[in-house]
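Coordinates in review
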Amino acid sequence: TKQLRTSQLIRRGDDGYIYWRARAVGSLKRIAFTIEQAAREAQLGSGQLIGILAAKHVADMFRVAFEQENTSKFDPDLPLAREVIKSLREALGHRELVIGHVGAHDVGSNLFHGVDLLAMLGSSKPDWGATIADLRALGIDVNEGREVYSHLVSARDVQGLARARHLRRSGVALLYVGD
């Protein structure tokens, strides 16, 4: 699915702020209700923790909606942002959420230790240009870069999902919504 791709959800203004696109409302609403459905299927009670791992702008939208500490670069009072916030609260307002973002909480983080469901929204994709620069520095042919990049993304996705420590605890549910 392409619904989580940054270009589908937001545009970045010259002022450094993020502006949500109209399609973000439906995409994030659908994802929030998918998370709720996964929680019900896993038979989670209202006090059990749900982890959400997403791109920073998506994680910040969840943080704003659930009044958690954030460093969002968007105005939550703009109409589209208000619609998304309303949808997220409608779907998950009765849940306890632990929210993290790719680049900070997908590798080597214990933020999600103890969650009963971890929802990973989108792949953990490193910057393409930085990856190519790293490959060049290692003497790897850039033509092999796409394959190496694909393997890096897969490895980071596995690392991200493993943040729930599901191999050490039984009963942990995982949800991956790819992009």
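The structure we're discussing is the one just above.
Structural notes, computed from the coordinates.

Procedures and definitions
Residues numbered from 1 in each chain as written. Predicted model: local features only at pLDDT ≥ 70, side-chain atom pairs only at ≥ 80, totals over all residues. Heavy atoms only, no water. Helix = DSSP H or I, 4+ residues; strand = E, 2+ residues; numbered from the N terminus. Rg over C-alpha atoms; globule rule 2.2 N^0.38 Å. Buried < 20%, exposed > 50% of the residue type's maximum accessible area, 1.4 Å probe, protein only. Contact = heavy atoms within 4.5 Å. Core = buried A, V, L, I, M, F, W, Y, C linked by side-chain atoms within 4.5 Å.

Let's shift gears to the overall build of the chain. Tallying secondary structure elements over the chain gives 6 helices and 6 strands in all. Taken from the N to the C terminus, the helices and strands of the chain come in the order α-β-β-α-β-α-α-β-β-α-α-β. In summary, the chain has a C-alpha radius of gyration of 17 Å against a globular reference of 16 Å for 179 residues, a match within 12%. With the principal axes as the frame, the chain shows a C-alpha extent of 50 × 45 × 25 Å. Of all 179 residues assigned to the chain, the portion counted as buried reaches 45%. Residue pairs in contact within the chain that sit at least 24 positions apart in sequence constitute 71% of those at least 6 positions apart.

Attention now moves to the nonpolar core. Counting 39 residues, the largest nonpolar core has Trp 20, Ile 35, Phe 62 and Leu 121 as its most contacted members. Broken down by secondary-structure element, the contributors of at least two residues to this core are β2 (18–20), α2 (22–41), β3 (49–54), α3 (56–65), α4 (79–92), β4 (96–101), β5 (117–121) and β6 (173–177). Considering each element in turn, this core owes the most residues, 8 residues, to α2. For Trp 20, the contacting residues outside a window of four places in its chain are Leu 9, Ile 10, Leu 28, His 57, Val 58, Met 61, Phe 74, Leu 80 and Ala 81. With 8 residues, the next largest nonpolar core counts Leu 53, Val 98, Phe 112 and Val 115 among its residues.

Turning our eyes to something else, we now look at unusual backbone geometry. We note that Gln 43 has phi near 60 degrees; this positive angle belongs to a residue other than glycine. Non-glycine residue Glu 67 carries a positive phi angle of around 50 degrees. As for its placement among the helices and strands, Glu 67 is situated in the loop between α3 and α4.

This is a description of form; function is not addressed.
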